[in-house]
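Residue-level listing of the chains:
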There are 2 protein chains.
Amino acid sequence: VIPLESLALRWRDRGLEILDQTLLPDREVWLEAGDPRLMVQHIRRLAVRGAPLIGVAAALALAWYGEMGASAASLVEAAGELRRARPTAVNLMWAMDRMTALLETGAGSAELSLEAAAIFREDVALCDAMARHGVRLFAPGETVLTHCNSGGLATAGIGTALGVIIRGFQAGRVRHVFVDETRPLLQGARLTAWELARLGIPHTLITDSMAAILLRDGRVQRVLVGADRVARNGDFANKVGTYGLAVQARYHGVPFHPVAPWSTVDLACPDGQAIPIEQRDEAEVRGQGDHRWAAAATPAFNPSFDVTPSELVTSLVLDRAVLTGAELRAGGLEQLA
Amino acid sequence: VIPLESLALRWRDRGLEILDQTLLPDREVWLEAGDPRLMVQHIRRLAVRGAPLIGVAAALALAWYGEMGASAASLVEAAGELRRARPTAVNLMWAMDRMTALLETGAGSAELSLEAAAIFREDVALCDAMARHGVRLFAPGETVLTHCNSGGLATAGIGTALGVIIRGFQAGRVRHVFVDETRPLLQGARLTAWELARLGIPHTLITDSMAAILLRDGRVQRVLVGADRVARNGDFANKVGTYGLAVQARYHGVPFHPVAPWSTVDLACPDGQAIPIEQRDEAEVRGQGDHRWAAAATPAFNPSFDVTPSELVTSLVLDRAVLTGAELRAGGLEQLA
């Protein structure tokens, strides 16, 4: 096993581990994740999350299972379970498709491990390529706004949208980052603020409902977000709240950019309406245990994602190109394939 | 003392009490609030909140202080402290102006108590009048959306926006209510959902960031919100998140109505830019104690209110009239005075 390590994933001789993202920012606890059934649980409860990262993590878990001597039939079954762990992010299906395609050629555990490692390293390179493209968007001194977490905790590399922002800061073009807390699970408050603090990047946490007044007051020059699935026409799913933020950006004339690697593009999906949206436990909205604020019987709505139409996209930053909303609607993604 | 009682306020022979709204929905604890300095603390920490209610509560606290034998000078000083307890809601200043004007005529404690009781009863009547006007807005079977809490916990009566919704339900015109949780302090989740459950009104709790997709999908026919101060031109301040919701309603073609009693109108305030916006503790955004999610050092932005321009108002429901956005901009409020 060739060691691999990212902000939230470790692949070493002694096994595969994930950083439990539900405990950040206060506690950094690493969990074993080699057994694919364990990884399914980690993915479901968001201990490991972020569209690109769950694809990489699932591939590594499958590879580890192969190293442990699992049969081809067991590996195919495990790939299916991993594939179904979350329905919206397409990267998970993409990674499982790559691994099962290899299995079908009769590949052994060494080849599976090499393939999983390749998926990991490719993700790092895709992040670098997105950042290279994305940094060119910024004029010097911009303040930007982001939603959820799309950084090193969401990928094997520097990130998608947050990666672009981080490199923009390092290039002297991004001055300040406003971070949407991202209810219900607060990935902005817990994860993005933690990543920015680690890197010494000035930032301010806001409730999701405050973004509108910052955009109105000219305090934000650009909005960047990740994506969990990009349909053929450029519509994309991302963390719930992204659509509303896109509307605010449009209303206030502020450029709005999803950032995603090619593994997030699903050409088989014609448009946003065809993207399945995961519904999660209502308790995430009303709170639970000692952290419950609404009455336990209060009904709640909890789609984990929403869909933003390409009409609201200024440009989509990919690893291989930057496409404007108009280019997306004119079939630009198919031409890139 | 003539007993007065509302959902969150009790004025009896043995004193003045407020329901501690910070402990809802799980605990209903009543606190002594007769001493004006105690009432200032209750108002500051939002144990008693809602623009109309804090005006009524402050007037009763001042009256109680008079009943206890406070001198005119002490009463004037206490009125000043109450007046400054929160800066945005104008009802507090309006109620204190009424009480101090009476004091200046040499009024005694009995007259002060009668005046405070009159403010209480007028607020109940203003709520009824707003509801009477507001109910006419609804077509049968509407689903509505509201932000924060503007019901019986925010007034001495049935409420402002939520009062209209409650009477709309009772009249068979409102079928379902979506409730914005209203970060950071979750008044929607804690208070509005509690009020609706008490009354058996079907409702669904959402994160503030989910409102946009409900409006897009045609699942909400009307948005109603309260107001903490309405400027002469119809711009108004309300709980942070209201402006963004108004933008979403406009973008999706859904009618948007602030609802407020005349005591919330500040004709001395020319427009929204002149409304002072209270900035509250950053810890309300990042969490605190056992309920902290962001790192303790994370900088946060926490304006308690935002300003919505009258351009985004379909109509303003007052106790004395309903004015369209165009009527507001044409000086309709001054003509009503």
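Heads up: the structure comes first, above all this text.
Residues numbered from 1 in each chain as written. Chains lettered and ligands numbered in written order. Predicted model: local features only at pLDDT ≥ 70, side-chain atom pairs only at ≥ 80, totals over all residues. Heavy atoms only, no water.

K.L.:
Pulling in residues and values, what's your account of the relation of the copies chain B and chain A?
P.N.:
Between chain B and chain A, which share one sequence, the superposing operator has a rotation angle of 180° and an axial displacement of 0.0 Å; the RMSD is 0.0 Å. Between the two chains, the operation in question is that of a two-fold axis. When the interface residues of chain B are mapped onto chain A, 100% of them are again interface residues, pointing to one common binding face. (Least-squares fit on C-alpha atoms with pLDDT ≥ 70 in both. Contact = heavy atoms within 4.5 Å.)

K.L.:
Mind laying out the environment of Asn 238 of chain B, listing which residues take part and the relevant values?
P.N.:
Residue and element names in this part refer to chain B. With respect to the secondary-structure elements, Asn 238 resides in strand 10 (residues 236-239). Spatially, the C-alpha atoms of Asn 238 and Leu 153 are 16 Å apart, while their sequence positions differ by 85 residues. Setting aside its immediate chain neighbours within four residues, Asn 238 contacts Val 225, Gly 226, Ala 227, Asp 228, Ser 304, Phe 305 and Asp 306. For Asn 238, the side chain forms a polar contact with the side chain of Thr 242, separated by 2.9 Å. (Helix = DSSP H or I, 4+ residues; strand = E, 2+ residues; numbered from the N terminus. Polar contact = N/O pair within 3.5 Å; in protein donor to acceptor, adjacent residues only side chain to side chain.)

K.L.:
Describe in detail the side chain of Glu 284 of chain A, supporting the description with residues and values.
P.N.:
Looking at where Glu 284 of chain A falls in the secondary structure, it is placed in helix 10 (residues 283-286). Discounting residues that sit within four places of it in the chain, Glu 284 of chain A has contacts with Arg 183, Pro 184, Leu 185, Trp 293 and Asn 302 of chain A.

K.L.:
Talk me through the packing of aromatic side chains; I want residue IDs and the actual numbers.
P.N.:
Residue and element names in this part refer to chain A. Summed over the entire model, instances satisfying the criterion amount to 4 aromatic pairs over all chains. Lying over the aromatic face of Trp 194, Arg 198 brings its terminal NZ or CZ to 5.5 Å of the ring centre. One Lys or Arg, Arg 320, reaches over the ring of Trp 262 and ends 4.1 Å from the middle of that ring. (Phe/Tyr/Trp six-rings, centres within 6.5 Å; stacked < 30°, edge-to-face > 60°. Lys NZ or Arg CZ within 6 Å of the ring centre and 35° of its normal.)

K.L.:
Can you break down the packing of helix 1 (residues 36-44) of chain B against helix 3 (residues 72-83) of chain B residue by residue, with the values?
P.N.:
Residue and element names in this part refer to chain B. Two elements in contact, helix 1 and helix 3, have axes whose closest approach is 9 Å; the angle formed by their N-to-C orientations is 5°. Between helix 1 and helix 3, the interaxial angle falls into the category roughly parallel. Together, Pro 36, Arg 37, Met 39, Val 40 and Ile 43 of helix 1 and Glu 77, Ala 78, Glu 81 and Leu 82 of helix 3 make up the contact between the two elements. For the contact of helix 1 with helix 3, the residue count by class is 6 nonpolar, no polar and 3 charged. (Axes fitted to C-alpha atoms, helices over the stretch in contact; angles between N-to-C directions. Parallel < 35°, antiparallel > 145°, perpendicular 65-115°, else oblique. Nonpolar A, V, L, I, M, F, W, Y, C, P; charged D, E, K, R; others polar.)

K.L.:
I'd like to hear about the sheet that holds strand 3 (residues 15-19) of chain A, residue by residue, with values.
P.N.:
All names here are of chain A. Read from one edge of the open sheet, 4 strands run 1-2-3-4, paired in antiparallel fashion. Pairing within the sheet leaves two strands with one partner each, and these edge strands are strand 1 (4-5) and strand 4 (30-32). Pairing geometry for strand 2 (residues 9-12) and strand 3, over 4 bridges, is antiparallel. Residue pairing across strands places Leu 9 opposite Ile 18, the latter belonging to strand 3. (Pairing = 2+ DSSP bridges.)

K.L.:
Before we move on, could you go through unusual backbone geometry and cite the residues and values that matter?
P.N.:
Residue and element names in this part refer to chain A. Each neighbour pair has its own omega, and for Leu 24 with Pro 25 the value is 5°, a cis peptide bond. Among the structural elements, Pro 25 can be located in the loop between strand 3 and strand 4. Between Arg 183 and the following residue, Pro 184, the backbone shows a cis peptide bond with an omega angle of 5°. Along the chain, the position of Pro 184 falls in the loop between strand 6 (174-180) and helix 7 (187-198).

K.L.:
Describe the interface of chain B and chain A, with residues and values.
P.N.:
One frequent convention defines the size of an interface as the accessible area lost when the parts assemble. In this assembly, 49 residues from chain B lie in contact with 49 residues from chain A. Between chain B and chain A the total buried area reaches about 3,900 Å² when both faces are included, carbon and sulfur atoms providing 66% of it. For the interface between chain B and chain A, the tally reads 4 salt bridges. Along the contact surface separating chain B from chain A lie 17 residue pairs in polar contact (both at pLDDT 80 or more). Taken together, the elements giving at least two residues each to the side of chain B that touches chain A come down to helix 7 (187-198), strand 7 (203-206), helix 8 (211-216), helix 9 (242-251), helix 10 (283-286) and strand 13 (305-308) of chain B. Here the side of chain B that touches chain A takes 6 residues from helix 9 of chain B, the largest share from any one element. (Buried area = accessible area lost by both parts, 1.4 Å probe. Salt bridge = Lys/Arg side-chain N within 4 Å of Asp/Glu carboxyl O.)

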